Amino acid sequence: MRVGLTGGIGSGKSVVAAFFADLGAFVIDTDELAREAVAPESAALAEIARAWPQAVRGGILDRATLADIVFADVNSRARLNEIVHPQVRRLAAEREKEALPGQLIVQVVPLLFETHYSELVDRIVVVVAPVALRIARVAARDAAAESRVRARMAAQIDPDAARLLADYTIENNGDLAHLQNRTREVYDALTQASG
């Protein structure tokens with residue numbers, strides 16, 4: 001079974017993914033694959049350089065500059081997704097071949113609904129957390145201004161809408177033990193459904 005794990009920026013989906021891995025799932029982080037897709041000399045990076053030359057310096061992607069561009073303009077964001085996401089999907093399909101037979105495959109996809117990646121998975125798990133907590137986490141983690149964090153949040157599906165589309169919701173509004181227990185409950189339900 002292929003599971004799509006998603007959640008807004010700062011919701012805690014990386015922590016949930018780590019818990020899934022500890023429980024025995026084969027976890028694929030599409031953010032890592034996206035970085036691989038735009039590595040120096042890649043076809044995707046060449047396309048980005050053509051579209052936004054100011055975002056590539058010395059053959060290396062300037063992520064901050066590109067983020068400023070795409071989070072300020074919906075058309076630029078859509079164009080970037082058209083460039084990067086086919087490569088991410090290809091890399092994810094290759095990575096899946098490393099999973100053991102019968103192993104639960106969890107793909108962490110921040111833009112699961114926005115890029116229609118949801119059509120490629122069997123079940124969807126969404127992680128949600130209070131907005132203020134998410135902003136504080138991302139601001140601390142990335143040393144980002146609140147306005148930048150809010151711009152990134154605005155580019156993602158509303159958590160309430162995601163909750164309605166998901167098969168399982170993990171509320172990240174308590175302590176780590178609560179989050180771990182809820183992840184285990186969802187993992188158990190997923191493994192039973194796949195068996």
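Above this text is the structure in question.
Everything numeric in this text was worked out from a predicted model, so none of it was measured.

**What to know about the packing of aromatic side chains**
Aromatic ring pairs are described here by two measures, namely the spacing of the ring centres and the angle between the planes.
For step 1, the next point in the chain: All chains considered together, the criterion is met by 1 aromatic pair.
For step 2, the next point in the chain: Ring geometry for F20 against Y187: centres 6.3 Å apart, planes inclined by 45°, an arrangement best described as tilted. In this pair, F20 sits in helix α1 (residues 13-23) while Y187 sits in helix α9 (residues 176-194), placing the two residues 167 residues apart along the sequence.
For step 3, the next point in the chain: For F20, a relative accessible area of 0% puts it in the buried group.

**Topic: the nonpolar core**
For step 1, the next point in the chain: Of all hydrophobic cores here, the largest spans 33 residues; its most connected members are I48, W52, L61, L66, L80 and V84.
For step 2, the next point in the chain: At the level of secondary structure, the elements contributing two or more residues to this core comprise β2 (26-29), α2 (30-37), α3 (43-51), α4 (63-70), α5 (74-96) and β6 (123-128).
For step 3, the next point in the chain: Broken down by element, this core gets its largest block of residues, 6 residues, from α5.
For step 4, the next point in the chain: When sequence neighbours within four positions are dropped, the list of residues in contact with W52 reads L66, I69, S76, R79, L80 and I83.
For step 5, the next point in the chain: By size, the runner-up hydrophobic cluster in this structure holds 18 residues, among which are V3, F19, V108 and V186.

**Considerations on the sheet that holds β6**
For step 1, the next point in the chain: Strand order in this open sheet of 5 strands is β2-β5-β1-β6-β7, and the pairing throughout is parallel. Looking at the sheet topology across the chains shown, the edges are occupied by β2 and β7 (168-171). Across the sheet, the axes of successive neighbouring strands diverge by a mean angle of 20°, strand direction being ignored.
For step 2, the next point in the chain: The pairing of β6 with β7 spans 4 bridges and is parallel. The residue of β7 that forms the bridge with V127 is I170.
For step 3, the next point in the chain: Sheet strands in contact with α2 are β2 and β5 (105-108), and its direction is about 45° off that of β2.
For step 4, the next point in the chain: Of the strands in this sheet, β1 (2-7), β2 and β5 touch α5, which is tilted by about 160° from β2.

**Section: the pairing of β5**
For step 1, the next point in the chain: Side chains I105 and Q107 project from β5 onto one buried face, and the interleaved V106 and V108 project onto a second face that is buried too.
For step 2, the next point in the chain: The pairing of β1 with β5 spans 4 bridges and is classified as parallel. When the sheet's bridge partners are listed, L5 is paired in β5 with V108.
For step 3, the next point in the chain: Two elements, β2 and β5, share 4 bridges in a ladder whose sense is parallel. Paired with I28 across the strands is Q107, a residue of β5.

**Some remarks on α2**
For step 1, the next point in the chain: Those residues of α2 lying buried are T30, L33 and A37. Along α2, the residues classed as buried sweep out an arc of 50° about the axis, all on the same side.
For step 2, the next point in the chain: Turning to α2, the residues buried within the fold contact β2, α3, α5 and β5.
For step 3, the next point in the chain: For α2, the N-terminal cap is D29; the gap from its side-chain oxygen to the backbone nitrogen of D31 is 2.8 Å.

Parameters at a glance
- Residues numbered from 1 in each chain as written.
- Predicted model: local features only at pLDDT ≥ 70, side-chain atom pairs only at ≥ 80, totals over all residues.
- Heavy atoms only, no water.
- Phe/Tyr/Trp six-rings, centres within 6.5 Å; stacked < 30°, edge-to-face > 60°.
- Helix = DSSP H or I, 4+ residues; strand = E, 2+ residues; numbered from the N terminus.
- Buried < 20%, exposed > 50% of the residue type's maximum accessible area, 1.4 Å probe, protein only.
- Core = buried A, V, L, I, M, F, W, Y, C linked by side-chain atoms within 4.5 Å.
- Contact = heavy atoms within 4.5 Å.
- Pairing = 2+ DSSP bridges.
- Axes fitted to C-alpha atoms, helices over the stretch in contact; angles between N-to-C directions.
- Arc of directions from axis to C-beta.
- Polar contact = N/O pair within 3.5 Å; in protein donor to acceptor, adjacent residues only side chain to side chain.

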